[in-house]
Amino acid sequence: MASVKNGLQKKDETSAPQVSIATMVNSLLDKDGYKKRFDELLGKRAPQFVASIVSLVNTDANMKAVFAQSPVTIIQAALKAATYDLPVDPSLGYAYIVPFNNYDKDTKTKRMEAVFVMGYKGMLQLANRTGAYKKINVVDVREGELKNWDRLTEDFDFEWTQDEKERNVKPIIGWAGYFRLVNGAEKTIYMSKAEIEAHEVANRKGQYMGKGWRENFEAMAAKTVLRKLIGKWGLMSIDYRTADTKTVEFATA
């Protein structure tokens, strides 16, 4: 492992050729037996997946810092994505390998590490693989659209503004999520904007708001509602399945 770190540190991180990163990534995979695991999970697609890891490191200075300081965290995050059979190309929106400057309480120092983060499309993908959903959606709720809310039964009365121009000038007050299974079971949840903001603060890594929240708060809010909706009451699967309306049940997460 030390040779991998030293090899990266001896080169200028901003100008290291791609073959150098690729060589070190493959060396790390071979040395610690990770390559076999990727092959088991992805089969013929494993080389393309590994190439996407190399691309991530090459195109992001923070990821290069992670590879220099804690390269195994990149591989471990990538393995999680491979286990879910989700691509890690950030432009696709299924899964992300995100760099964080984490504080180590034992050494009292900061270290760049990578973390696996499932994207909005990734969660939808795992839900759709069950074959159990007839409908699933998350939508923002504008001022005046939530007419009534029974907290116990979670029965909601929404009155949606149909004119898009009129709707877009109204402030967002929250987000609603809904699904219906093929057997007729359904679930609706609602989180106010204040609840979303509190969730972000409680779960942020570090002192400040993360990049995803800063750059696209609304998308992250929708993702939070979707995670709560299908993570607590819905169904997700790594494998593709065909729905059996007689056996579909709510998850007990």
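Structure shown above.
Counting restarts for each chain, with residues numbered from 1 along the sequence as it is written. Under the rules for a predicted model, residues below a pLDDT of 70 receive no local features and side-chain atom pairs below 80 are neither given nor counted, while totals for whole chains, interfaces and linings still include all residues. Side-chain numbers come from the whole structure's heavy atoms, not from hydrogens or water.

Colleague: I tried to follow the pattern of salt bridges on my own but got confused; where do I start?
Modeller: Pairing is possible between side chains that carry opposite charge, provided their charged atoms lie close to one another. Salt-bridge detection follows one rule: a side-chain nitrogen of Lys or Arg within 4 Å of a carboxyl oxygen of Asp or Glu. Within the structure shown, the criterion is met by ten salt bridges. Between Glu 113 and Arg 111 there is a salt bridge, with its nearest N and O atoms 2.4 Å apart. When a residue's accessible area, from a 1.4 Å probe over protein chains only, is under 20% of the maximum for its type it is buried; when over 50% it is exposed; and in between it is partly exposed. In this structure Arg 111 comes out as partly exposed when scored by relative accessible area, which is 34%. Between Arg 204 and Glu 200 there is a salt bridge, with the nearest N and O atoms lying 2.7 Å from each other. Relative accessible area serves as the criterion here: at 27%, Arg 204 is assigned to the partly exposed category. Take Glu 200: its relative accessible area is 3%, and that puts it in the buried class. Through salt bridges that share partners, Asp 140, Arg 142, Glu 145 and Arg 167 make up one connected network.

Colleague: Help me understand the environment of Tyr 84, please; the structure alone is not making it clear to me.
Modeller: Elements are defined by DSSP. Helices are runs of H or I of four residues or more, strands are runs of E of two residues or more, and each kind is numbered from the N terminus. Here Tyr 84 is to be found in the loop between helix H6 (71-83) and strand E1 (95-104). Among the residues examined, Tyr 84 registers a relative accessible area of 28% and is labelled partly exposed. Tyr 84 sits eleven residues away from Ala 95 along the chain, and the two C-alpha atoms are 9.4 Å apart. Only heavy atoms enter the contact rule, under which two residues are in contact if any of them lie within 4.5 Å. Setting aside its immediate chain neighbours within four residues, Tyr 84 contacts Phe 116, Met 118, Leu 126, Arg 129 and Ile 238.

Colleague: What am I meant to see in the side chain of Glu 113 here?
Modeller: The topology assignment puts Glu 113 in strand E2 (residues 109-118). Separated by 2.8 Å, the side chains of Glu 113 and Asn 102 make a polar contact. With residues near it in sequence (within four places) discarded, Glu 113 still touches Val 66, Ser 70, Thr 73, Val 98, Pro 99, Phe 100 and Asn 102. N or O atoms within 3.5 Å of each other form a polar contact, as long as, within protein, one can give a hydrogen and the other can take it, and as long as residues adjacent in sequence are counted only when both atoms are side-chain atoms.

Colleague: How should I be thinking about unusual backbone geometry in this particular structure?
Modeller: Across residues other than glycine, the phi torsion is negative in most instances, and most of the peptide bonds are trans. In the Ramachandran plot, Asp 85 falls in the positive-phi region, its phi being about 60° despite a non-glycine side chain. Looking at where Asp 85 falls in the secondary structure, it is placed in the loop between H6 and E1. The exposure class of Asp 85 is partly exposed, given its relative accessible area of 27%. A positive phi angle is found at Glu 154, which is not glycine, with a value near 55°. The residue Glu 154 is located in the loop between strand E4 (146-150) and strand E5 (155-158) in this model. Look at Glu 154 and you get partly exposed, because its relative accessible area is 23%.

Colleague: Before we go on, may I ask you to explain the packing of helix H7 (residues 120-128) against helix H11 (residues 217-233) in this structure?
Modeller: The relative placement of two packed helices comes down to the angle between their axes together with the axis-to-axis distance. Across the interface, H7 lies against H11 with an axial gap of 10 Å and an inter-helix angle of 25°. It follows from the interaxial angle that H7 and H11 lie roughly parallel. H7 and H11 meet at a crossing whose hand is left-handed. Counted together, Tyr 120, Met 123, Leu 124 and Ala 127 of H7 and Ala 222, Lys 223, Leu 226, Arg 227 and Ile 230 of H11 form the full contact between these two elements. Residues are grouped as follows: Ala, Val, Leu, Ile, Met, Phe, Trp, Tyr, Cys and Pro are nonpolar; Asp, Glu, Lys and Arg are charged; all remaining types, including Gly, are polar. In terms of residue class, the contact of H7 with H11 is made up of seven nonpolar, no polar and two charged. Axis lines are fitted to C-alpha atoms, over the contacting stretch for helices. Their N-to-C directions set the angle, which ranges from 0 to 180 degrees. Just so you know how the angles are binned, under 35 degrees is roughly parallel, over 145 roughly antiparallel, 65 to 115 roughly perpendicular, and the rest oblique. Left-handed is the label given to a crossing in which the near helix is rotated counterclockwise from the far helix by less than a right angle, and right-handed is the label when the rotation is clockwise.

The values reported here are purely geometric and, on their own, carry no functional implication.
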